[in-house]
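Structural description and commentary
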Amino acid sequence: MTSSFTVQIPAEEWMTSNGRYHWADRARRTRVLRAMAAAQCRRHHIHADGPVRVVAEIGYRAGRADPANGYPTIKALIDGMTDAGVWPDDDSEHIIGPDMRRADVTPPRGYHTVTITLEELS
């Protein structure tokens, strides 16, 4: 079984591995991202009964992109999914990945889009 949801993330909430954030700003962004993912999972009734592969497709405006640099954002979204009860924990027993890829879809100006897809393995 496969399930997915998409989140539009304002540029001011996006986190990258190359970013140098003040601890309070990082905590605020993480809190916002976790809440966004948890709300989407509850709205779409996303739940995983067994181990899943997580694929994160990141939409960029144009030009070059390194999807792996979006890891801090994706990690916060996965933590929000844990908050929503999608799985008991986001450890290696429950999740393989995330596999981060560039999406073919271009997001609106001032946003990134992230589509999280869960592919159940059992």
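One can find the structure itself at the top, above this paragraph.
Reading the values: the criteria
- Residues numbered from 1 in each chain as written.
- Predicted model: local features only at pLDDT ≥ 70, side-chain atom pairs only at ≥ 80, totals over all residues.
- Heavy atoms only, no water.
- Helix = DSSP H or I, 4+ residues; strand = E, 2+ residues; numbered from the N terminus.
- Polar contact = N/O pair within 3.5 Å; in protein donor to acceptor, adjacent residues only side chain to side chain.
- Salt bridge = Lys/Arg side-chain N within 4 Å of Asp/Glu carboxyl O.
- Buried < 20%, exposed > 50% of the residue type's maximum accessible area, 1.4 Å probe, protein only.
- Axes fitted to C-alpha atoms, helices over the stretch in contact; angles between N-to-C directions.
- Parallel < 35°, antiparallel > 145°, perpendicular 65-115°, else oblique.
- Left-handed = near helix turned anticlockwise from the far one by under 90°.
- Contact = heavy atoms within 4.5 Å.
- Nonpolar A, V, L, I, M, F, W, Y, C, P; charged D, E, K, R; others polar.
- Expected span 1.5 Å × (residues − 1).

So, about the side chain of Thr115. The residue Thr115 is located in strand S4 (residues 111-120) in this model. A distance of 2.9 Å separates a polar atom in the side chain of Thr115 from a polar atom in the side chain of Thr6.

Within the structure shown, the criterion is met by nine salt bridges. Between Asp25 and Arg28 there is a salt bridge, with the nearest N and O atoms lying 3.0 Å from each other. One end of the pair, Asp25, and the other, Arg28, are both in helix H1 (residues 23-43), three residues apart, so they sit about a helical turn from each other. By relative accessible area, Arg28 is classed as partly exposed at 29%. The structure contains a network of salt bridges with shared partners spanning Arg34, Lys75, Asp79, Asp83 and Asp90.

Let us look at the packing of H1 against helix H2 (residues 71-83). In the contact formed by H1 and H2, the axes pass within 7 Å of each other and the chain directions differ by 50°. By the angle between their directions, the pair H1 and H2 is classed as oblique. Where H1 crosses over H2, the two elements pack in a sense that is right-handed. Contacts between H1 and H2 involve Arg26, Thr30, Leu33, Arg34, Ala37, Ala38, Cys41 and Arg42 from the former and Pro72, Thr73, Ala76, Leu77, Asp79, Gly80, Met81 and Asp83 from the latter. Here the contact of H1 with H2 is built from residues that sort into eight nonpolar, three polar and five charged.

Along the chain, Ser122 turns up in the segment after S4. On the basis of relative accessible area, Ser122 is assigned to the exposed category, the value being 74%. The sequence separation of Ser122 and His45 amounts to 77 residues, and the corresponding C-alpha distance is 19 Å. Contact partners of Ser122, with chain neighbours within four places excluded, come to Gly50 and Pro51.

What sets the pattern is the α-helix's 3.6 residues per turn: residues three or four places apart point alike. Given a rise of 1.5 Å per residue, 13 residues ought to cover 18 Å, and the 18 Å separating the end C-alpha atoms of H2 matches this to within 8%. Within the sequence span of H2, burial applies to Pro72, Thr73, Ile74, Ala76, Leu77, Ile78, Asp79, Gly80, Met81 and Thr82. Next to the buried residues of H2 lie strand S1 (2-10), H1, strand S2 (52-59), strand S3 (95-102) and S4. Two residues or fewer past H2, Gly85 is found with a positive phi of approximately 85°.

It is worth stressing that arrangement in space is one thing and function is another; only the former is reported here.
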